[in-house]
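Listed here are the chains, written in short residue letters.
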Amino acid sequence: MKRPGWSCVGAALIMFAAAAPAQAAPSMQTSVTIRADRPGAAINKYVYGQFSEMLGTGIYGGIYVGEDSRIPNTRGLRNDVIAALKDLKVPLVRWPGGCFADYYHWRDGIGPKDKRGVQINGWGDVTDNNAFGTHEFFDFVEQIGADAYINANVGTGTPKEAADWLEYMTGTQDTTLVKERKANGRDAPFKVAVFAMGNETWGCGGNMRPEYYADLYNRFATFMRTPQRPGPVLLASGDRSGSATDFTTVLMANRRAPMDAISMHYYTILGPQWPDKDTATGFSEAGWINTLASTLKMDGYIKKHDAIMTAAERKAAASPEGPKKKVALYIDEWGTWYKPEPGSNPGFLVQQNTIRDAIVAAANLNIFHKYADRVQMTSIAQTINVLQAMILTDGPKMVLTPTYHVYHMYRPFQDATSLPVSIKTATYKYGKWSVPQVSVSAARTKDGAIVIGLANLDPHRSAPVSAAIAGLDGGQVTGELLTADAMDAHNTFDNPEAVHLVAFDGAALKGNRLAVKLPPMSVVVLQIR
Ligand code: AHR
């Protein structure tokens, strides 16, 4: 769109023609203020992390097909998936679980493949021959250019097993474990960015009380030694969903061993009970808005955990022992969880991914940016073929999901500096639900651009947005758009481009005033230079 007297609005990327959704009358104007003159905390690139569990076809088939596969691969890792994830600039991958982590014994996954352990994987009751182990995981993250988040086994493991694994991966001196790693083909140490002690210890990780786990955490963390500098972030396993806070509270009050971060998990389900799940496609408008209302609870949950952590840090600072380091909050499992696709193994957690998931992703990323000083890592569940995936595969076929496209659009936010944002927006209502129509976040990239992420949650009405950007005086605005013409629009192997990115020409900039018209059910990322 071009307006008389307004600077040119360019479109940076040539993509494909956008689908034109049927539009009702636009709703009330949304007013946004962006404080480019008051930069906030850096958005840690690990906020864009991924979770890849040994679950269903998340690894086997989705990432690893073996060297003898007819699917083009490099040392067993499928080339199409590697290229797509490399392009996404995935900064960090969490592995091997999830619940699986507390069954996993790393020694089963090293050495000659024909001598590796074979077990039943509880996710779907299938056998796992451990062809994908520590060396294959690091080959994977190194091929896509990501860092590694290793989740150690507390539930059925010991501090010695975890400490040995860390030494095997990161050791530099000629110890027995390091010699073994070298004999298995890797001379240089692997880099472990995050090392977690247990997973969901309130549930699948051991059904523990927070007090018991806090003691176990301290015991495990005490013995994790590594010559790697900086050492990995030592991560404690935290609360079950944002609404529970007992693990955060108890862990914060009982930090004896180094604890750099505490995790929190929150999945978007229809709720209020855990079994209440929607279908991934073919849902009603009630399912659309209910899912969005459910996902927006993330904001309040982070706020609550942040407040508990801040209070504990203040108390520690005032104690005779003096201040302790600020602890980060890691949202290392989040995303939509629907009913499994009909005909799939229910334990494999396979689900389609629609424009609704794209909006869920954008709304959550906008929330994470707001709490950049506390939320320093997240990993969406999960990368391939499981829950809210980036990529779906079927044998040699691969398709990128709407969620992948959102992560692609949001790449400029990685390591950018968050900018405070205030918003006054219309309400989108349906049935008993109501949600704010527009979600927004903004940041300053390292090369000086202002990047703005916007989502219109209303599936019917476009959203006119007027933004005042304090500290800006003109520039060129470019953008990308993701939208669709149906609430459950999605990509399939037969129609992989049904939901795709297009250049966006619906923004105009004059001085420090930005005018944007967001189509219904859309995600837009703008850059101003
Ligand atoms: O992501 C699937 C599972 O959900 C994980 O294994 C577990 O940690 C969570 O309950």
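Since the model is a prediction, treat every value here as computed from it, not as a measurement.

Looking at this structure, how should I read the overall build of the protein chain?
Helix and strand counts for the protein chain stand at nine helices and 27 strands. The C-alpha radius of gyration computed for the protein chain amounts to 23 Å, which stays within 12% of the reference 24 Å derived for 529 residues, consistent with globular compactness. A principal-axis box enclosing the C-alpha atoms of the protein chain has dimensions of 75 × 65 × 45 Å. When the 529 residues of the protein chain are sorted by exposure, 59% land in the buried category. In the protein chain, 77% of the contacts between residues at least 6 apart in sequence involve partners at least 24 apart. Summed over its atoms, the accessible surface of the protein chain is roughly 20,500 Å², and 53% of this surface lies on carbon and sulfur atoms. Averaging the positions of the 53 positive and the 50 negative side-chain charges in the protein chain gives two centres separated by 7 Å.

Honestly, the sheet that holds strand β26 (residues 513–518) in this entry has me stumped. Any pointers?
Sheet strands line up and pair through hydrogen bonds in the backbone, either parallel or antiparallel. Strands sit in the order β17-β1-β22-β26-β25 across an open sheet of five strands; the sheet is mixed. Looking at the sheet topology across the chains shown, the edges are occupied by β17 (421–424) and β25 (507–510). Taken pair by pair, the neighbouring strands of this sheet meet at an average axis angle of 15°, ignoring direction. In the sheet, β25 pairs with β26 via four bridges, with the strands oriented antiparallel. Bridge pairing in β26 links leucine 509 to leucine 514.

What am I meant to see in the packing of aromatic side chains here?
Each aromatic ring pair is described using two quantities: the centre-to-centre distance and the angle formed by the ring planes. Across all of its chains, the model carries 19 aromatic pairs by this definition. When the centroid spacing of 5.8 Å and the interplanar angle of 70° are considered together, the rings of tyrosine 64 and phenylalanine 132 count as edge-to-face. Of this pair, tyrosine 64 sits in the loop between β2 (49–51) and β3 (73–74) while phenylalanine 132 sits in the loop between β7 (126–128) and α2 (134–144); the two residues are 68 residues apart in sequence, bridging distant segments of the chain. On the accessibility criterion, phenylalanine 132 (0% relative accessible area) is buried.

What should I look at first to understand the environment of isoleucine 380 in this one?
With respect to the helices, strands and loops of the structure, isoleucine 380 is situated in strand β13 (residues 375–381). Here isoleucine 380 falls in the buried class, since its relative accessible area comes to 0%. Between the C-alpha atom of isoleucine 380 and that of tyrosine 48, which follows or precedes it by 332 residues, the distance is 8.0 Å. Each residue touching isoleucine 380, except ones within four places of it in the same chain, is listed here: Gly49, Gln50, Phe51, Trp334, Gln388, Met390, Thr403 and Tyr407.

Would you take a moment to explain the site of the ligand for this structure?
Lining the immediate surroundings of the ligand are Phe51, Glu53, Gly98, Cys99, Trp123, Asn199, Glu200, Tyr267, Glu333, Trp337, Gln382 and Leu387. Between glutamate 53 and the ligand, the recorded distance is 2.7 Å, taken from a side-chain N or O atom to an oxygen atom. Residue glutamine 382 places a side-chain N or O atom 3.0 Å away from an oxygen atom belonging to the ligand. Classifying every residue of the shell around the ligand by side-chain character gives six nonpolar, three polar and three charged.

Please explain the nonpolar core as it appears in this structure.
In summary, soluble globular proteins display a tendency toward joint burial of nonpolar side chains. Counting 113 residues, the largest nonpolar core has Phe140 and Phe195 as the members making the most contacts within it. Considering every element that reaches this core, the biggest residue donor is helix α8 (residues 355–370), with nine residues. Setting aside chain neighbours within four positions, we find phenylalanine 140 in contact with Ile63, Leu77, Ile82, Leu85, Val93 and Phe132. Within the second largest apolar cluster, 27 residues are counted, among which are Ile34, Leu481, Val516 and Val524.

Whenever I open this one, the sheet that holds strand β12 (residues 328–336) confuses me. Can you help?
In space, the eight strands of this closed barrel follow the order β2-β5-β8-β9-β10-β11-β12-β13, with parallel pairing throughout. On average, each strand axis in the sheet is inclined to that of its neighbour by 30°, with strand direction left out of account. The sheet contact formed by strand β8 (residues 147–152) and strand β9 (residues 192–197) spans five bridges and is parallel. Bridge assignment links tyrosine 149 to a residue of β9, and that residue is valine 194. Of the strands in this sheet, β5 (92–95), β8 and β9 touch α2, which is tilted by about 150° from β8. This element, α8, spans β11 (261–268), β12 and β13 of the sheet and lies at about 170° to β12.

I would appreciate a short explanation of the packing of helix α3 (residues 159–170) against helix α4 (residues 176–183) in the present structure.
When two helices pack together, their arrangement is given by the angle between the helix axes and by the axis-to-axis distance. Where α3 contacts α4, the axes come no closer than 8 Å and their chain directions differ by 55°. When the axis of α3 is compared with that of α4, the two are oblique. Where α3 crosses over α4, the two elements pack in a sense that is right-handed. Residues Asp164, Glu167, Tyr168, Met169 and Thr170 of α3 form the contact with α4, whose own contacting residues are Leu177, Val178, Glu180 and Arg181.

It is not clear to me how helix α7 (residues 285–318) should be interpreted in this structure. Could you clarify?
Because an α-helix completes one turn every 3.6 residues, residues spaced three or four positions apart along the sequence face the same direction. In this model, α7 (34 residues) spans 51 Å end to end at C-alpha, consistent with the 50 Å of a helix rising 1.5 Å per residue. If you check the start of α7, you find a side-chain oxygen 3.3 Å away from the backbone N of alanine 286, and it comes from serine 284.

Rules used in this analysis
Every residue gets a number counted from 1 within its own chain, in the order that chain's sequence is written. Owing to the predicted nature of the model, reporting of local features is limited to residues with pLDDT of at least 70; listing and counting of side-chain atom pairs is limited to 80 or more, with chain, interface and lining totals taken over all residues. Hydrogens are left out, water is left out, and the side-chain values use all remaining heavy atoms of the structure. A run of H or I in DSSP becomes a helix once it reaches four residues, and a run of E becomes a strand once it reaches two; helices and strands are each numbered from the N terminus. The globule rule used here is 2.2 Å times the number of residues to the 0.38 power, and the radius of gyration it is set against is calculated over C-alpha atoms. Accessibility here uses a 1.4 Å probe with only protein chains present; expressed as a share of the type maximum, an area under 20% marks a residue as buried, one over 50% as exposed, and anything in between as partly exposed. Note on definitions: a residue-residue contact is assigned when non-hydrogen atoms from the two residues lie within 4.5 Å. Here the Shrake-Rupley method, with its probe set to 1.4 Å, supplies the accessible areas, and only the displayed protein chains count as covering residues. We score Asp and Glu as negative and Lys and Arg as positive, and we do not count His or the chain ends. One atom stands in for each charge, and that atom is NZ of Lys, CZ of Arg, CG of Asp or CD of Glu. Any two strands are treated as partners once DSSP identifies two or more bridges connecting them. To get an axis, fit a line to the C-alpha atoms, keeping to the stretch in contact for a helix; angles then go from 0 to 180 degrees between the N-to-C directions. Within 6.5 Å between ring centres, the rings of Phe, Tyr and Trp (the latter by its six-membered ring) count as paired, and their orientation is classed by plane angle as stacked under 30 degrees, edge-to-face over 60, tilted in between. The rule for a residue being near a molecule or strand is that one of its heavy atoms must lie within 4 Å of it. Here a polar contact is recorded for every N or O atom pair within 3.5 Å, except that within protein the pair must consist of a potential hydrogen donor and a potential acceptor, and residues adjacent in sequence are included only if both atoms are side-chain atoms. In the scheme used here, Gly and all other residues not listed as nonpolar or charged are polar, with Ala, Val, Leu, Ile, Met, Phe, Trp, Tyr, Cys and Pro taken as nonpolar and Asp, Glu, Lys and Arg as charged. In this text, buried Ala, Val, Leu, Ile, Met, Phe, Trp, Tyr and Cys residues form a nonpolar core when linked through side-chain atoms within 4.5 Å. Each angle receives one of four descriptions, namely roughly parallel if under 35 degrees, roughly antiparallel if over 145, roughly perpendicular if within 65 to 115, and oblique otherwise. Each crossing is labelled by how the near helix is turned from the far one, with a counterclockwise turn of less than a right angle marking it left-handed and a clockwise turn marking it right-handed. Take the number of residues in a helix, subtract one, and multiply by 1.5 Å to get its expected span.

Interpretation note: all reported values are geometric properties and have no functional meaning in isolation.
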